[in-house]
Amino acid sequence: MSEIKPFKIRDIEINPPLVLSPMAGVTDISFRRLLKQRGGVGLTVSEFISVEGLTRSNPKSKRQMRFYENERPFAVQIFGGQHERMRLAAEMAEEVGADILDVNCGCPAPKVVKHGGGSGLLRDLPRLETILKEIKKAITIPLTIKIRAGYSDSTINAIETAKLAEACGVEHIALHGRTKEQGYRGLANWDLVREIKKTVSVPVSGSGDITTIQQALERFREIGCDGVLIGRGAMANPWIFRQIEETIHGREPFQPTLEDKRAVLLEYFEMLREDMPEMSAIGRMKQLAGQFTRGLQGGALFRTAIYHSHSVEEILDRISEYFETISAGRHYFGEGKPSEVIEVPMLDSCEVASASL
Ligand SMILES: Cc1cc2nc3c(=O)[nH]c(=O)nc-3n(C[C@H](O)[C@H](O)[C@H](O)COP(=O)(O)O)c2cc1C
């Protein structure tokens, strides 16, 4: 599998070529640390950060730029539609020591798009051009972008956008092959990733729907992309990066035990509690548990039990009960009857996170 190799964004090596995809409300400093410790992550990216917030000294936005030294290489992703603010925010990211500055051209949230940011930039390429040129003048770290296929099915312009970005000095392009209007429906179009790779000479990575080792390897082989991004798949399986890396190197991929899974949930909860108010930590825990327990025996009932928990103690009790039961080979029936199972909805992209902007 020699074709899967590290790539460089200018002189920054992305090794392995696996990126933890930015997810608002998820990939904060705790989640990234959790994932980085599992291994195999070549690049981490912050949640998208509002340039309005950053340039108006909103404490939340500033907190979102925090990272651990051993997380490097680390990219800060910003979003907005005003070039002055984008430039200032990019300077701030460079000042805090980010290795890479990434511009979000994909968020579909109406609040973001209305102000010209996120996927709004895909239908206003002159605005995007101004923003990229302004940022480029102001920073010395590499500038990258993450785009969607286009605004709508009838205006797919990822290739045009990629060309423009390269001409503006962008040094890595990541494509999530769905349109803004598509949201998260259907499947990501990876053929577009291949087309962009053929068109530009900067490195190109693809994003969308990778949840297994095999899918990741197939993307590299069939698409010829330099890197792949994994988002939701990393919530379901925080070891996925390590497993892909091991497979690339011809090693047996690590198989987490139930004890490893229990430990990772507890570790994450502890990190969250150190970093944020209790209720926020509980909310994030519910979100991760919703993805993390897919496919486990009694997973749906466990998700339901976690969903109905309202305190730290309750969450910890539910985790202990669940793992003790299934580790002993017994069936987990949760607190209620199987008919009471509820599915915890995944936050709709940056919609929820942007609600508080
Ligand atoms: C909850 C959530 C939040 C997201 N937030 C961001 C974001 O802040 N910036 C961004 O570029 N993409 C964001 N995305 C898109 C992901 O980075 C990724 O491109 C998309 O989910 C497809 O990849 P996946 O199937 O591996 O999750 C988000 C996706 C989800 C599910």
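Here is what the cut-offs are and how they apply
- Residues numbered from 1 in each chain as written.
- Predicted model: local features only at pLDDT ≥ 70, side-chain atom pairs only at ≥ 80, totals over all residues.
- Heavy atoms only, no water.
- Disulfide = S-S within 2.5 Å.
- Buried < 20%, exposed > 50% of the residue type's maximum accessible area, 1.4 Å probe, protein only.
- Pairing = 2+ DSSP bridges.
- Helix = DSSP H or I, 4+ residues; strand = E, 2+ residues; numbered from the N terminus.
- Axes fitted to C-alpha atoms, helices over the stretch in contact; angles between N-to-C directions.
- Contact = heavy atoms within 4.5 Å.
- Right-handed = clockwise from strand over helix to strand, strands pointing away.
- Domains from an automatic or database assignment.
- Buried area = accessible area lost by both parts, 1.4 Å probe.
- Salt bridge = Lys/Arg side-chain N within 4 Å of Asp/Glu carboxyl O.
- Polar contact = N/O pair within 3.5 Å; in protein donor to acceptor, adjacent residues only side chain to side chain.
- Nonpolar A, V, L, I, M, F, W, Y, C, P; charged D, E, K, R; others polar.

**Some points on the state of the cysteines**
Reasoning step 1: One pass over the structure, following the stated rule, counts 0 disulfides.
Reasoning step 2: You can see C105 has no disulfide; the closest cysteine sulfur is in C168, sitting 11 Å from it.
Reasoning step 3: Since its relative accessible area comes to 7%, C168 is described here as buried.

**Observations concerning the sheet that holds strand β8 (residues 173-179)**
Reasoning step 1: Strands sit in the order β3-β4-β5-β6-β7-β8-β9-β10 around a closed barrel of 8 strands; the barrel is parallel. With strand direction ignored, the average angle separating the axes of adjacent strands in the sheet is 30°.
Reasoning step 2: Pairing geometry for strand β6 (residues 100-105) and strand β7 (residues 143-150), over 5 bridges, is parallel. Looking at the pairing, D102 lines up with T144 of β7.
Reasoning step 3: In the packing of helix α1 (residues 29-38) onto the sheet, contacts are made with β3 (18-20), β4 (43-50) and β5 (74-79), and the angle to β4 comes to roughly 170°.

**Examining the pairing of strand β9 (residues 204-207)**
A regular strand carries its side chains on alternate faces of the sheet.
Reasoning step 1: The alternating pattern of β9 places V204 and G206 and S205 and S207 on opposite faces, both of which are buried.
Reasoning step 2: Both β8 and β9 contribute to a ladder of 4 bridges, which runs parallel. Bridge pairing in β9 places I173 opposite V204.
Reasoning step 3: Bridge count for β9 against strand β10 (residues 227-230) is 3 bridges, and the pairing is parallel. Within β10, the position partnered with G206 by the bridge is V228.
Reasoning step 4: You can see the chain leave β9, run along helix α9 (residues 213-223) and come back into β10, and the turn it takes is right-handed.

**Focus: the domain arrangement of the chain**
Reasoning step 1: As assigned here, the chain comprises domain 1 (7-248) and domain 2 (258-354).
Reasoning step 2: Each of domain 1 and domain 2 was reduced to a C-alpha centroid, and the two centroids are 28 Å apart.
Reasoning step 3: Tallying the contact residues gives 28 residues for domain 1 and 21 residues for domain 2.
Reasoning step 4: Note on domain 1 versus domain 2: buried area summed over both sides is about 2,100 Å², and carbon and sulfur give 61% of it.
Reasoning step 5: Per-residue buried area on domain 1 facing domain 2 is highest for L34, M235 and W239; these three make up 25% of the total on that side.
Reasoning step 6: Seen at the junction of domain 1 and domain 2, the total is 5 salt bridges.
Reasoning step 7: Between R38 and E267 there is a salt bridge, with its nearest N and O atoms 3.2 Å apart.
Reasoning step 8: For the pair domain 1 and domain 2, the interface holds 5 residue pairs in polar contact (both at pLDDT 80 or more).
Reasoning step 9: Within the residue set of the side of domain 1 that touches domain 2, elements represented by two or more residues are α1, β4, α3 (59-63), α5 (110-114) and α10 (232-236).
Reasoning step 10: At 7 residues, the largest contribution of residues to the side of domain 1 that touches domain 2 is made by α1.
Reasoning step 11: Residues that form the side of domain 1 that touches domain 2 fall into these classes: 16 nonpolar, 3 polar and 9 charged.

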